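Understanding the architecture of this molecule
The primary structure of each chain is shown beneath.
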Amino acid sequence: MKILALFTIFVLIFGTTSFVNDAYAQNDLSILLRIATQADKQIQNQLHQVYGNDVPEKIQFLYDKGHMTVNSLEKSLPDDAKQAKKDFLTSMKLFKQISKMISEPVVKVQVILIHVDQSSQLDRLEKYVLTLKTISKKLDAKINFENIDDLLLKTHNQIKGGTEIPSETIIQLKSSITSIEKDIREFASHSAFDRIKQFVDRQLDRIDKILDNAEEIGADQNQINKAHELIDEVKALIDKKQIHDAKIVFHELHKLLKNIQYSVG
Amino acid sequence: MNAEIIQTHRKKFLREDGMLFVRTDGIIDTMTRIPLLVASLIIVLALIPIQSSFGSPRNLDLMIYPDGTTHVTTEIDVDPLSIDYELNLFGSTIDNFVTINENGFLLNHEIRGNSVLIETFASSVIFIEYDIHDLVSKQSRVWTFSLDSPSDFTLLFPKNSAIIGMTNLPIDMQLINDQNQLTLPSGETEINYLFSTPIITTPVEPINSSPESNYLIYAIVGGIVASAIIATIIRIKQRTTKLTQNQQTTPIEQIDTEEIFKLKPDIREDDKEIVKFISNNGGKALESELRKKFLQPRTTMWRAVKRLERNGIIEIEKKDLQNLVKLRKNMEEEE
């Protein structure tokens, strides 16, 4: 009875979850229609804006073809997934072709060169400052962000007002952020020592136990001795606060430990 | 002195004819609980995503700014015993790069062209954020986003942008604050978009049911009914044993956070920020949203949410396999 109950539950759950996934994938095809319909309307708007009622024949032909493909996509749903996917990709290809034709003649440009707008730039800097604030708080670094907050506000007002050019303030802001970032990194390096020391101590205890076991089951004594030497070396380097070197020796120890474990099966 | 082991329990309960009687009170309980426990384990196993190996992104989220610069956020499992981890970036023009570990500690890094070397020793998960200028180019009015992604990723488009070309099929699409967000598969992707007046999304007609889809619906309904039966059994059992504590809570639109802080003066400052955010967000937020907002690792945010739940300030619901965190209305009554 119990087995039967277990089996029923098992079948129901596994059966249901796999069917739900299938159904989900099936419904997802409606996304294709949403995107294609939006693109269709967008291209229609663009054609109207650029050409009015005199759309060039070639472009009109492509648009009609694209529009028909969107209609076909709509009809393919929900049963003919293969056709729907094909229609989606075809329509998007046609719309892309049309938009490129409308835009010609053009020179492709790298975004960074001309399109960096100050509002987006400010958004990015604000986001980055927020990240630094969170890290600073986590480290309890007590870093003063007042100056940066003032500059952010000033830049906001300049962009909003449109009377002053904020470039100068953005340069000041970037410089302040770089300085604060440096302070945080310096502070973080101190707390990193404690964090790494704790981690290494825990790992060395673990390795010690593994070596004891390995010795008992007959692992190569030379390797075991070498591992103990490396443990002492790591401890000595940690005591001297030579974190980087300690990490390298620890890595060597870890590799040796893997060899020992492999040799004893 | 020799110690003698005496099996007192057997002697006490064995009758003269040697029959063993045992208490039966717990058997029904056990019989019901074990299948439920196993079923729960199966559900959990079926729903937990397969853990990724070291070096593969747990998630990858991209956001395009109106000027084409892209903000990249990713979370990667790393080997805590490795000294460092080298990550390929999606280009070489990188700004505002920052990486922290699962405990929120800042990690050192060195950007070398298209890659970055991060000191990951003693960290098992790293969170990386940066801005990149290489992913979007512009041709007249048409903007083109191109990426060869190692994993599935989400892509948030700027406001008032409309997609007009795509080279592959999206996995999902959502509208977030009037911005389209696509979930896309790994591999090469090229998407063309332009800025325009927003277009009202045409409602998609309901999908016609076919015999096959009817079968699926029956299976789903069957599953739901089975789950409902299991849930009812659990409920009935709970009612018979613990009927006294029936605390139904309802999420509310807006709660005065100051009232909450008065009622719970001991909550931490960072937890207060979370409560304020949830309150401003209509009284509820996904745990993933909280992580993004406060830039906290998964475990840290999970602990914070659990803390608030223990304090009776919030309640957690499952929504689409995610944790939906809701402020509780009847805190005062509980006090």
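Residues numbered from 1 in each chain as written. Chains lettered and ligands numbered in written order. Predicted model: local features only at pLDDT ≥ 70, side-chain atom pairs only at ≥ 80, totals over all residues. Heavy atoms only, no water.

**Some points on the overall build of chain A**
Per the secondary structure count, chain A includes nine helices and one strand. Mapped from its N terminus to its C terminus, chain A presents α and β elements in the order α-α-α-β-α-α-α-α-α-α. Out of the 265 residues belonging to chain A, those deemed buried represent 40%. About 15,500 Å² of surface is accessible on chain A, with carbon and sulfur atoms providing 53% of the total. (Helix = DSSP H or I, 4+ residues; strand = E, 2+ residues; numbered from the N terminus. Buried < 20%, exposed > 50% of the residue type's maximum accessible area, 1.4 Å probe, protein only. Areas by Shrake-Rupley, 256 points an atom, 1.4 Å probe, with all protein chains shown as cover.)

**So, the overall build of chain B**
Counting its secondary structure elements, chain B contains eight helices and 17 strands. When burial is assessed residue by residue, chain B has 42% of its 335 residues classed as buried. Residue pairs in contact within chain B that sit at least 24 positions apart in sequence constitute 63% of those at least 6 positions apart. Accessible surface for chain B amounts to roughly 19,400 Å². Of this, 53% is attributable to carbon and sulfur atoms. (Contact = heavy atoms within 4.5 Å.)

**Regarding the confidence of the model for chain B**
All names here are of chain B. Taken residue by residue, chain B gives an average pLDDT of 74. The fraction at 70 or more is 66%. Element-level pLDDT for chain B is lowest in helix α1 (residues 8–13), with a mean of 43, against a maximum mean of 94 in strand β10 (residues 153–156). Low pLDDT, under 50, characterises residues 1–22; the stretch is placed with five contacts to residues that sit more than four places away or in other chains. Between residues 240–252, whose pLDDT stays under 50, and residues either more than four places distant or in other chains, the model counts 19 contacts. Note on the complex model: pTM 0.61, ipTM 0.76. (pLDDT = per-residue confidence, 0-100.)

**As for the pairing of strand β2 (residues 70–77) of chain B**
Residue and element names in this part refer to chain B. Burial runs high along β2: seven of the eight residues are buried. Of the pairings in the sheet, the one linking strand β1 (residues 57–64) to β2 comprises seven bridges and is antiparallel in character. Bridge pairing links methionine 63 to histidine 71 in β2. Hairpin connection between β1 and β2: a loop of five residues separates the two successive antiparallel strands, and glycine 68 in this loop has a positive phi of roughly 90°. Relative to strand β7 (residues 125–132), β2 runs antiparallel, the two being bridged by eight bridges. Pairing of valine 72 across the sheet is with tyrosine 130, part of β7. (Pairing = 2+ DSSP bridges.)

**Regarding the pattern of salt bridges**
Taken as a whole, this structure holds 15 salt bridges over all chains when the rule is applied. The closest approach of N and O atoms between A:Lys197 and A:Asp201, which form a salt bridge, is 3.2 Å. Of the two residues, A:Lys197 and A:Asp201 are both situated in helix α7 (residues 167–216); the distance of four residues between them amounts to about one turn of the helix. A relative accessible area of 33% places A:Asp201 in the partly exposed class. Between B:Arg307 and B:Asp271 there is a salt bridge, with the nearest N and O atoms lying 2.8 Å from each other. (Salt bridge = Lys/Arg side-chain N within 4 Å of Asp/Glu carboxyl O.)

**Brief notes about the pairing of strand β5 (residues 109–112) of chain B**
All names here are of chain B. Across four bridges, β5 lies against strand β6 (residues 115–119) in antiparallel orientation. Across the sheet, residue isoleucine 111 finds its bridge partner in β6, namely valine 116. Here β5 folds back onto β6, and the loop between the two strands holds two residues, one of which, glycine 113, carries a positive phi near 65°.

**A few points about the environment of B:Gly91**
With respect to the secondary-structure elements, B:Gly91 resides in the loop between β3 (84–88) and β4 (94–101). In this structure, the C-alpha to C-alpha distance between B:Gly91 and B:Asn114, residues 23 residues apart in sequence, is 5.2 Å.

**Regarding the sheet that holds β5(B)**
All names here are of chain B. Taken in spatial order, the three strands line up as β3-β6-β5 in an open sheet, and their pairing is antiparallel. If you trace the sheet from one side to the other, it starts and ends with β3 and β5, each paired once. Each strand of the sheet is rotated relative to its neighbour by a mean of 20°, with strand direction disregarded. When β3 meets β6, the two strands line up antiparallel, connected through five bridges. Bridge pairing links tyrosine 85 to isoleucine 118 in β6. (Axes fitted to C-alpha atoms, helices over the stretch in contact; angles between N-to-C directions.)

**Remarks on the packing of aromatic side chains**
The geometry of two aromatic rings is summed up by the distance between their centres and the angle between their planes. Enumeration over the complete set of coordinates arrives at 10 aromatic pairs over all chains. Both rings, one in A:Phe199 and one in B:Phe121, keep their centres 5.4 Å apart while their planes meet at 85°; by these two values the pair is edge-to-face. With A:Phe199 in helix α7 and B:Phe121 in the loop between β6 and β7, this residue pair bridges two chains. By the burial criterion, A:Phe199 is buried, and B:Phe121 matches it. Aromatic side chains B:Trp143 and B:Tyr193 sit 6.2 Å apart centroid to centroid with 15° between the ring planes, which places their arrangement in the stacked category. On the criterion of sequence distance, the pair formed by B:Trp143 in strand β9 (residues 142–149) and B:Tyr193 in strand β14 (residues 187–195) is long-range, its members being 50 residues apart. With respect to class, B:Trp143 is no different from B:Tyr193; both count as buried. (Phe/Tyr/Trp six-rings, centres within 6.5 Å; stacked < 30°, edge-to-face > 60°.)

**A closer look at the sheet that holds β1(B)**
All names here are of chain B. A sheet is described by the order of its strands in space; here seven strands give the open sequence β4-β7-β2-β1-β10-β13-β12, paired in mixed fashion. Only two strands of the sheet have a single partner each, and these edge strands are β4 and β12 (172–176). Across this sheet, the average inter-strand angle for adjacent strands is 15°, counted without regard to direction. Here three bridges tie β1 to β10, and the two strands are oriented parallel to one another. Counterpart to aspartate 61 in the pairing with β10 is threonine 154.

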